[in-house]
Amino acid sequence: MSALEVRDLAVSRGGVPLLEGLSFRVAPGDALILTGHNGIGKTSLLRTLAGLQPPQAGRVAPGPDRIAFGAHSDGMKATLSVAENLEFWAGLHGLRGGIEGVLEEFDLAPLRDRAAQHLSAGQRRRLGLARMGLTGRPVWLLDEPTVSLDAASVGRFARAVERHLAGGGMAVLATHVDLGLAAPRLDLSTFRAAPEVARGDVFAEGAVE
Amino acid sequence: MSFSTSFWSLANPARFMSLTARAVPILSVLAGVCLVGGLVWGFFFTPDDYRQGSTVKIIYLHVPAALMAINGWLMMLVASLIWLVRRHHVSALAARAAAPVGVTMTLIALITGAVWGQPMWGTFWAWDPRLTSFLILFLFYLGYMALWAAIDDPDTAADLTSVLCLVGSVFAILSRYAVNFWNQGLHQGASLSLDREKNVADVFYHPLLLSMAGFILLFLALVLAGTRTEIRARRLHALRLRERMA
Amino acid sequence: MTRIFLRDLRLGVRAGGGFGLGLAFFLIVVVLVPFGIGPETARLGPVAPGILWIGALLACLLSLDRVFALDREDGALDLLATAPVPLEGVALAKAAAHWITTGLPLCLAAPALAVLLALPWPGHLWLAVSLLAGTPALSLIGAFGAALTVGLRRGGLLLSLLVLPLYVPTLIFGADVARRGAEGLSPLVPLALLGAVSLGCLAILPFATSAALRVNLR
């Protein structure tokens, strides 16, 4: 299993450069916590890593087919049951052998027939994580995963991430909350794109008269 | 400098602005001369048609406007393709600037057609295949402009409107044939047709050519001026972003 | 792809899925028409094919903004885009599910509703056939429009403005099949053209739809 390597990455949102010169490496079994104030570009960075938007510059390895993306909205359908939701994603990712293992692993087995809309916030988060587990992809990207969770739920969540790491997985988390994970932090504000914003924008520099 | 290099150098906004700063006034004057010349010649110095009387003279507005209504869409299609393939921002903005001009030309063609139709056919509107096609073209223009207006991010808007323009072009051609089919189905053979310019006599033809040239020049001048405005708006957008980030 | 299709079907028929709304709308339009143009069979009969086609077309339009917007809201669209399925396949599966939940019920209900509008007999059959051949095009074109407007908060009205002009050829050929059928003429020529429109949409539009989705996901 290869490490997550990011080299000289530049990230933009809506044509506005946010981050540049970003390089880091996450080895198998490790996690990385991204910090920085709101709007610095944490979500845009994660979306770029996931392959949803093209990087302005730089490289990300491995490719998006090894990366599982977990946004704050988890894509679970409210009217489908826990098992139905998970079976859908398991099938889509070509997972053989059913969802039983994942249900056990994330303490979701008793909830399997409950509609996703009737889950608590903590249960819902675990469901989101279970989906990421189903993808069989080693790199997890987690965007503000513990918002609206109480302390006990945060603990269970952190243990689930630790189990993934212990199995040789990797995780990149954008969060303000201390999860109690032993992981290095990366402050994104040092990689903020220089104030000549919109440098990539042909209209910014002397385009007119 | 060969034509192809000079054409692609327009993709640089600064080059585009400096070249068009001189071109727009020249084109505007030429357009004015051709239009005034063609229309005055056509309106006052040609004989009345023996069947249609003086109403035929609206042809000097109607036919050139219809011509530019279609060519406006064609220009948008080409500019959209250039944007999708070569990512030249000026091209996307030129497509955006062509739409309001094109829709105005379509409207002029429709209104003059109605004004002409009243004395000729006794009705302002008939569901003739050509008229109907122009009405549909008008709707296509409206949708295209509405999509531009609805999206904040300029590059996203350029991408989506370009895709719409490509798909819309296919459906516009399809609609043209469908409408022909439909009207035959109703009327058993064309009864009303605007296919009259084929047998226009020379005495009408020359002023018509002149006013067509005038409309083409006017179209170019308006589109270039519109593109200049769009480029300035984009620069304003970029400067605002910079201010917000600094 | 099949899984996306099946999931959308299941979501469509669950509570709040909106299944049947289009059908109810279609029924109401058909019931309102005689109030507008009068109850005489001699008047209703000739306009019935056109009215039924326009009603079906508007009913289709009603549910279009759900095609991608719901998945966009809850993040599923992002996850689908990162899943190992081509986005073109996602677009096709979603259009197919829209057709099954909206277009197919309209095809089945239309002959029954045609009775209310006094459509002459062989027209019922040809109306159903024309809708069967034409509504897939409506769903595919609609999915394209939905993909264009998925990033907009209030895209519903714009969606109609974009999609309705694109519906013109389908409507012309489809209504002509039903009309010729009702008048006892051979509807084969417009039916062939209608089929060609649907197949052309099937071949081209999933690519345009996925291109628009990709732009909107950036």
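Each remark here, short or long, concerns the structure printed above.
In this text, all values refer to a predicted model and were calculated from it rather than measured experimentally.

Caption draft 1: Quick peek at the interface of chain A and chain C. At the junction of the two partners, chain A supplies 21 residues and chain C supplies 23 residues. Of the roughly 2100 Å² buried at the junction of chain A and chain C (both faces included), carbon and sulfur atoms supply 62%. Among the residues of chain A in contact with chain C, Lys-77, Phe-88 and Leu-92 of chain A are the three that bury the most area, contributing 28% of the side total. Counting across the chain A and chain C interface gives four salt bridges. Asp-71 of chain C serves as the salt-bridge partner of Lys-77 of chain A, at 2.4 Å between the closest nitrogen and oxygen.

Caption draft 2: Local environment of the packing of aromatic side chains. Residues and elements named next belong to chain B. A complete count under the given rule lists nine aromatic pairs over all chains for this structure. Judged by centre distance (6.5 Å) and plane angle (90°), the ring pair of Phe-43 and Phe-44 falls under edge-to-face. For Phe-43, a relative accessible area of 30% gives the class partly exposed. Since its relative accessible area comes to 61%, Phe-44 is described here as exposed. In textbook terms, an aromatic cluster arises when at least three aromatic residues are bridged by ring pairs, as seen for Trp-73, Phe-140, Tyr-141 and Tyr-144.

Caption draft 3: Spatial organisation of the interface of chain B and chain C. Listed by partner, the interface residues are 26 residues for chain B and 27 residues for chain C. Here chain B packs against chain C, burying approximately 2200 Å² in sum over the two surfaces, 85% of which is carbon and sulfur. Looking only at chain B, the three residues that lose the most surface to chain C are Leu-160, Phe-171 and Phe-181 of chain B, adding up to 28% of its buried area. The closest approach of N and O atoms between Asp-159 of chain B and Arg-218 of chain C, which form a salt bridge, is 2.9 Å. At the boundary of chain B with chain C, the tally comes to one residue pair in polar contact (both at pLDDT 80 or more). Elements with a contribution of two residues or more to the side of chain B that touches chain C: helix H5 (129-150) and helix H6 (154-187) of chain B. At 15 residues, the largest contribution of residues to the side of chain B that touches chain C is made by H6 of chain B. For the side of chain B that touches chain C, the class distribution of residues is 19 nonpolar, four polar and three charged.

Caption draft 4: Region of interest: the sheet that holds strand S5 (residues 67-70) of chain A. Residue and element names in this part refer to chain A. Spatial ordering of the open sheet is given by S5-S6-S7-S3-S8, a layout of five strands whose pairing is parallel. Among the strands making up the open sheet, the edge pair consists of S5 and strand S8 (185-187). Strand-to-strand twist of the sheet, defined as the mean angle between neighbouring strand axes without regard to direction, takes the value 20°. Where strand S3 (residues 31-35) meets strand S7 (residues 170-174), four bridges bridge the pair, whose relative direction is parallel. Note on S7: the bridge partner recorded for Leu-34 is Ala-174. Relative to strand S6 (residues 139-143), helix H4 (residues 121-134) is tilted by about 155°, and along the sheet it contacts S5 and S6. Helix H5 (residues 151-166) contacts S3, S6 and S7 of the sheet and is inclined by roughly 145° relative to S7.

Caption draft 5: Broad picture of the packing of helix H3 (residues 59-86) of chain B against H5 of chain B. Residues and elements named next belong to chain B. Taken N-terminus to C-terminus, the directions of H3 and H5 make an angle of 40°; their axes are 11 Å apart at the nearest point. Taken as axis vectors, H3 and H5 run oblique relative to one another. Two packed elements cross with a definite hand, and for H3 against H5 that hand is left-handed. When H3 is examined against H5, the residues Ala-66, Ala-69, Ile-70, Gly-72, Trp-73, Met-76 and Ser-80 are found in contact with a partner set consisting of Phe-134, Leu-137, Phe-140, Tyr-141 and Tyr-144. Its residues assigned to classes, the contact of H3 with H5 shows 10 nonpolar, two polar and no charged.

Procedures and definitions
Residues numbered from 1 in each chain as written. Chains lettered and ligands numbered in written order. Predicted model: local features only at pLDDT ≥ 70, side-chain atom pairs only at ≥ 80, totals over all residues. Heavy atoms only, no water. Contact = heavy atoms within 4.5 Å. Buried area = accessible area lost by both parts, 1.4 Å probe. Salt bridge = Lys/Arg side-chain N within 4 Å of Asp/Glu carboxyl O. Phe/Tyr/Trp six-rings, centres within 6.5 Å; stacked < 30°, edge-to-face > 60°. Buried < 20%, exposed > 50% of the residue type's maximum accessible area, 1.4 Å probe, protein only. Polar contact = N/O pair within 3.5 Å; in protein donor to acceptor, adjacent residues only side chain to side chain. Helix = DSSP H or I, 4+ residues; strand = E, 2+ residues; numbered from the N terminus. Nonpolar A, V, L, I, M, F, W, Y, C, P; charged D, E, K, R; others polar. Pairing = 2+ DSSP bridges. Axes fitted to C-alpha atoms, helices over the stretch in contact; angles between N-to-C directions. Parallel < 35°, antiparallel > 145°, perpendicular 65-115°, else oblique. Left-handed = near helix turned anticlockwise from the far one by under 90°.

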